[in-house]
Structures are given as structure tokens and as C-alpha cells.
Amino acid sequence: MALEKEEEIVVVNMENCQEIHVSDHDHHATINQKQQKFRRNDSLEIESQTTSNFHRSKGPSMAIILQLAFQSLGIVYGDIGTSPLYVFSSVFPDGIKHNDDILGVLSLIFYTLTLVSLFKYVFVVLRATDNGDGGTFALYSLICRYAKVGLIPNQQLEDAEVSNYKLKLPNNREKRASKLKSILENSRFIKVFLLFTTMLGTSMVIGDGVLTPCISVLSAVGGLKEATSKINQDQIVWISVAILIGLFMVQRFGTDKVGYSFAPIISIWFGLIAGIGMYNFIKHDPSVIKALNPKYIVDYFIRNKKHAWISLGGIVLCTTGSEALFADVGHFTVRSIQISMCCVTYPALILAYAGQASFLRNNNDLVSATFYKSIPASMYWPMFVIAVLAAIIASQAMISGTFSIIQQSLSMGCFPRVRIVHTSAKYEGQVYIPEVNYILMIACIAVTVGFKTTTKIGNAYGIAVVFVMTLTSAFLTLIMIVIWKTHMLLIISYVLIIGSVELVYLSSVLYKFDQGGYLPLAFSAILMFIMYIWNTVYRRKYFYELDHKISPEKFREVTCDTSLCQFPSLAMFYSELVQGIPPIFKHYVANVPALHSVLVFVSIKSLPISKVPIGERFLFRRVQPKEFNVFRCVVRYGYTDVRNEKEPFEELMVERLKEFIVKEYYWSQNMIQDGETDENSNVDKSQEISDEGRVQEAIEKEIETIEKASRAGVVHLIGENEVIASKGAGFGKRILIDYAYNFLKKNLRQSEKLFDIPHKRMVKVGMTYEL
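In this text, all values refer to a predicted model and were calculated from it rather than measured experimentally.

Trainee: What's the story with the overall build of the protein in this structure? I'm lost.
Mentor: Each helix and strand counted, the protein has 27 helices and nine strands in total. Residues counted as buried form 58% of the 771 residues belonging to the protein. When contacts within the protein are restricted to residue pairs at least 6 apart in sequence, those whose partners lie at least 24 apart make up 85%. Accessible area for the protein stands at about 32300 Å²; split by element, carbon and sulfur atoms hold 60% of it.

Trainee: What is the right way to look at helix H10 (residues 233–249) in this model?
Mentor: Every α-helical turn comprises 3.6 residues, leaving residues that sit three or four positions apart pointing alike. Between its first and last C-alpha atoms H10 spans 24 Å; for 17 residues at 1.5 Å apiece the expected length is 24 Å, and the two agree. Inspection of H10 places Ile-236, Val-237, Ser-240, Val-241, Leu-244, Leu-247 and Phe-248 among the buried residues, and these make up the whole buried set. The buried residues of H10 occupy an angular sector of 140 degrees when projected down its axis, which confines them to one face. Against the buried residues of H10 lie helix H8 (188–221), helix H9 (224–227), helix H17 (380–411) and helix H18 (434–451). With a side-chain oxygen lying 3.2 Å from the backbone nitrogen of Asp-234, the N-terminal cap of H10 falls on Asn-232.

Trainee: Quick question: what am I supposed to make of the packing of aromatic side chains here?
Mentor: Think of a pair of aromatic rings as described by two things: how far the centres are apart, and how the planes are tilted against each other in angle. Scanning the entire structure with this criterion turns up 22 aromatic pairs. Here Phe-585 and Phe-601 contribute two aromatic rings whose centre-to-centre distance is 5.1 Å and whose plane-to-plane angle is 80 degrees, an arrangement assigned as edge-to-face. Linking Phe-585 in helix H23 (residues 584–591) with Phe-601 in strand S5 (residues 594–606), this pair joins segments that are 16 residues apart in sequence. Phe-585 gets classed as buried once you look at its relative accessible area, which sits at 1%.

Trainee: Teacher, can you tell me more about the nonpolar core here?
Mentor: When a protein is soluble and globular, its nonpolar side chains tend to lie buried together. Grouped together as the largest cluster of nonpolar side chains are 166 residues, with contacts concentrated most on Tyr-77, Ile-109, Trp-269, Phe-270, Tyr-353, Tyr-372 and Val-447. Per element, the largest residue contribution to this core is 20 residues, and it comes from helix H19 (residues 454–484).

Trainee: How do you make sense of the environment of Ala-571 when you look at a structure like this?
Mentor: Within the secondary structure layout, Ala-571 lies in strand S4 (residues 565–575). The buried category is assigned to Ala-571, whose relative accessible area is 0%. The spatial distance from the C-alpha of Ala-571 to the C-alpha of Val-763 is 10.0 Å, given a sequence separation of 192 residues. Residue contacts for Ala-571: discarding those within four places in its chain leaves His-596, Val-598, Leu-599, Val-600, Val-715 and Leu-717.

Rules behind the numbers
- Residues numbered from 1 in each chain as written.
- Predicted model: local features only at pLDDT ≥ 70, side-chain atom pairs only at ≥ 80, totals over all residues.
- Heavy atoms only, no water.
- Helix = DSSP H or I, 4+ residues; strand = E, 2+ residues; numbered from the N terminus.
- Buried < 20%, exposed > 50% of the residue type's maximum accessible area, 1.4 Å probe, protein only.
- Contact = heavy atoms within 4.5 Å.
- Areas by Shrake-Rupley, 256 points an atom, 1.4 Å probe, with all protein chains shown as cover.
- Expected span 1.5 Å × (residues − 1).
- Arc of directions from axis to C-beta.
- Polar contact = N/O pair within 3.5 Å; in protein donor to acceptor, adjacent residues only side chain to side chain.
- Phe/Tyr/Trp six-rings, centres within 6.5 Å; stacked < 30°, edge-to-face > 60°.
- Core = buried A, V, L, I, M, F, W, Y, C linked by side-chain atoms within 4.5 Å.

Remember, this is a structural readout, not a statement about activity or role.
What follows is the structure in C-alpha cells.
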């Protein structure tokens, strides 16, 4: 919905709003300049309408791309890069039964890496970025922008005027796309299902954030057993726990200070595993190159039947971290990720797995410790140190990714309020969430101590990995149909090849449900329950305010009440409601019969895009009657925007309010002049100058009122809504609202802490909502 039609709307663009001085000499030039400056346009750029690389409209140079490609090694590839530590041992937990089984497994690894990690993610999924950002919410936001599938009715026509909101769409195959779009918009079940799927994918990624540190660190530290017989598995577990505790304790410092020291370490890691792989390939059995022939996959399944299908749960671990290619693309560029994957990561992994297969062909009995046993003796300790460092880096990347995912969920109303700390002034995506950090630490320690071995953790890890991959493919197929309008033959080919491969892997990992596979599903169930509670009540509250909002007529009646006294100050009244005046305002006036000289109703809103340019963040309108200086302000953020970090929110909003007043006066004046010019082309020049003077005087007078009110004091009015189930509500609804939601609300951060509102200038207005 748009804001009320009878009230004018102006998008404040800081870059185009400048003070204009009028003189007799250059009157006509100034009028033309002013009409251009204050015309309601979006300042769109061609590059900013595309779905990738929004923040680099001209495109970075090749030197910058290569630099980003190098830096991406340390942030993106830690997880997939450390998978050679445990893949072969996970595939053959009971030992190798036939020597040619190694060729079948190597062939499966090769084609899985090629089809899923390389083709799907690097060349297809990376095309679906949301203005350069990736992840599950990026896919969901693209669909939300193209079709109205959001469950909260706060869509506004003005949102599409944000410069990076629009999508560049092809013109062919419109009929099929339009039909599917209509189905999406008219089916509540599909809307709920899409949101549910997004929550599920988010929960699975958070599950990855728990399991990656466990399996990576435990696998790396396990190398100590190969160096000395004095170390047993229990000691390995407690050493791993100590490393994990240290890892989570340093999260509060952020990755900015150490992030780019990761790239050289991971580069050395890839160089070493590729070199050792080549050494083993030449020394032991170069004939493993035969695994390029997919016939060995067929033979492997014929020979092992059900056991071959079960082993797919271990093989799929070679793709762990592929989702990070997409999720972390916002820190780099699509081209830099493609270069680093194709030129470094993919070749190094293929050589590493080929080398391990060659080693195993002559050492079938050493499969339980393939990685460390295949290392030449002289390289053992350097490799051990680098392996532990690489495991820590892989864990760090997934933990940081978990924080980013939760930040996105929070902004979309799908996660309870938690404190978001921006740890870097240079890199916007680096955030830290204290509450989540400690919960993850406890979960990681519990999993490591409880499972003890990488085999059981691998069973759990496989389910989380394949679920996220499958959900990404499902979203991508929808985007291919409704947004990209891809040819149907290509869509069918993608589903038959990639989709069928992932479904086969999913069936295999689900078979190990009782062997540790239940863990990520249990995590997801808990997270989904929390998200469902919060999002459901969040939507119910919004609909309550929408149904009980104050009409313009009622608001005029309240503000024109002569019994109300006026405070010489500026008040910001916070509300979730985008349309109209929230019902809590009437409750406030009934208890405090006074109005502030300037009143701004502030609504914080998240758009289905990754970032909102700061010049387009504030959407103002004036609420009548004009003499009471009442305004509505919708403050729009993207789901990756960090709120209120760069400068105090109130100062920024007051400045934008003054800019709005200037633009509103000039825009309305231009409309009047344009209408008069159409009727009479011979406009009196002196009359134009006189009108211009009156406009300038009116602007100065109103801005002086705003400044005087802000100097007198800014008061923040926060709606403190108590939510209870309505009378006659069912048992389930009472449990949901009265107990579950209110428990979460009482134990989490309040709104004023999220926006750093000064405690001395804050007034809470209480009201009970019966939902």
C-alpha cells in the first residue's frame, strides 16, 4: 500500500537537495535548475538496476578483481578447503572392500565437485545475487521484489523508486512468468510456504555454523594421534574443545583485525594439499586418472548396491562450504569468486583427492586416517600446523556467516531482537551478536564432547549441507521461471541433472538419521519454532495496528483540541505501522494531554533488498493540519544494513526532515507554476520573483521552527505494547502469545537499545494489544 493519497509524498535524496539562491540576474536559469533539482525522480543508473555488483557501477579493474580473488581465499573457502581432512574416512567407515571402489568414489567426488560446487554455484547461482549480496534471503528478496509474496501488507509504491530495487528483466516468455507470478500473489499457502522454506534454509545454515567448527577442528587435531601413541581420542576431544572456546572468545574483536591474514594461510594450505596430492599421484598410482570415466561409478554401485548409496552421505562432504561461495559474495564480486574457485580452489581439491585415492590404492588399511598418513614424513608437522590454522579459519568463516544470517532474519521480522555489533568500520558485512556467539559455543562444545568422532558428526553435517543445497536449487528454479524467464528446456535440464543429484544425496544422508543425522534437524526444529513464534506474533501485532489505526479525520480532531497544551520540543514517536497513525498515539494523548511543537511518527521498515542507499533511506510526508508541524517518516533499511552505527539517528533524521521541507515547498511551487504556464505562457517575471521570495521566506520560517524545537530537546516516545491473547482464544493461541512470545520478549533486548536511544530522553507509552 502507498501512503494516503491526499497527502503529498517526497523521497528525500541528499545528493540532489541543495540550497538555491535566487537573484534577478539569473532568475530564469535558476528556475530551470530548480525544476530539475526538485523534480520527483529516482536518479536511477543503468548499472544499479541489475542484480549484481550494484556498489561498483563501472565495474572494478582487473587488478582489483585479482586482489579480491586472493582475499576471498581466506574468507570463502576455508570450509570446502578443509574437507579433504575427513571425506575418505567418512565414505569408508568400515574399511575398503574392493580396490576399484576407490576409483568409483574418486569419480563421484570429481563429478560432484564439478556439477554442484563449480557449475551450479559458480556459474549459475552467483547470477542470482541481490545487488551483489547472496544467501537464502537474497533469493527470497528477489522473489518478493518481483511478486507481492510478503505476509505483511507494508508494501509501498514508493519502495520501487529506491535506485537498486528494480530488477532488469528480459521481455520474452512473459506469459508463463506472469501466470506463475499471479499464482504466487494470490495463494496464501505459497506465501507461507516460501517464508517457511526461507526460515528452514536459514536454520540449516545456522546448524552449519555449529557443526563446521566441530568437524574441522576435531579432524585437524586428530593428526596428533598419528604423531604419537600417547594421545588418545578423549585427549583429542578436549584439545579441540579448548581451541573452540578460544575461537568463540575472540569473536567479539571481529574479523577485521585478522581477516586478511587468513588469505595467505589458506593459499599455503591449498598449495600444500595440491603439491602433496601431486606427489602421491605420481608415487603411488597415476592410473587413478581413469576415474574420469563415469563407468567406475556404475561399477561401484553394481558391486556395493545399498552400501554404495549409503556412502553418498560421506561423498557429499566434499562440497561442504559451497553455499559460502554464494553467501559471502557480497564481500567481494562475482568475477573474483569465479576466478579464485576456478584457478585455485577447484584444481587444488581435485589434486588432493586424486593424491589420496592413489595413496589408498596401495594402502587400503590406512583409510581411517587417509589425510595424515598420506603426508610425507618431512612435511608432517608443518602440514599439521597449517591444517589446524585452516580448520580455525573455516570455523571462523561459518561463525561470521551465522551472525550475518541472523542479522538478515532479524531485519525481516523472523528472529527475536538481539544486539547487532558492527565490528568493522571498513567492511560493512562484519557483525557480531553476543547472545548468539555464546549459544553457538555451548552447542559446539556439547556436540564435540558428545559425538567424539568425525564420522558421527559427518552424518549430521551431511544433512545440513544437502538440505541447504536443495532449498537453494528450489528457489533458483522459481527465479529462473518468474524473473530470468529462462527457456523451459534449460530449466528442465537443470532440474533433471542438478536437482536429481541433490535429491539422491539427500535420500542418502537421511538414511543416517539415527546415527547423528537428527542433530541438524533438531537444531532447525528449535530455531524454526522460535522464528515461527516471533514472526507470527509480529504479523498479528502489525495487523492489529493496521485495523485500529487513527483515521485522518480523528487525528485532526485530536490535534485541534484546544485543551491540549504544547511543549516546545521535537518528539519522535516510534511504531511498526507504515500506513497511518498508530492507535497508541490516541492512548498517549488521553493520558498526557499535551503535544510537542514538532511531532514525527517514525516507522522502521525493512525492504526486500540488501542495502538502501542512505540518500534514499527516509521517506517523509506531512500530516494535516499543516500548522501543527506533524510528519510521517518511514525509515527504510535493507536486510544487510547495520542500523545507527555511523551517526546518531536523531541528528540524521532532523537533517533529512529539513531537506524534505525545502523539496516539498519547491516541488509544490513548481507544480503551481507549471499549471499557470500551461494556461498563460506570458507569465509576469516580477510575479515569479515575488512568489520565489515568499517560498524562501516560508521555508526559512518552518526550518527555524524545526531547529528551535530540536534545540529545546528531542524526546523519543516508544510504544511498549503488552501482547495478550484475546478473550475466547484457543489453548494453542494462548500458549503461543501469552507464554512463548512474552517469554522471548522479556528475555531479549528492547527497541531503545537497538537504536541507541538516550535513556534520559525516552518515554515509554504502554498499551495492551489483544490479538
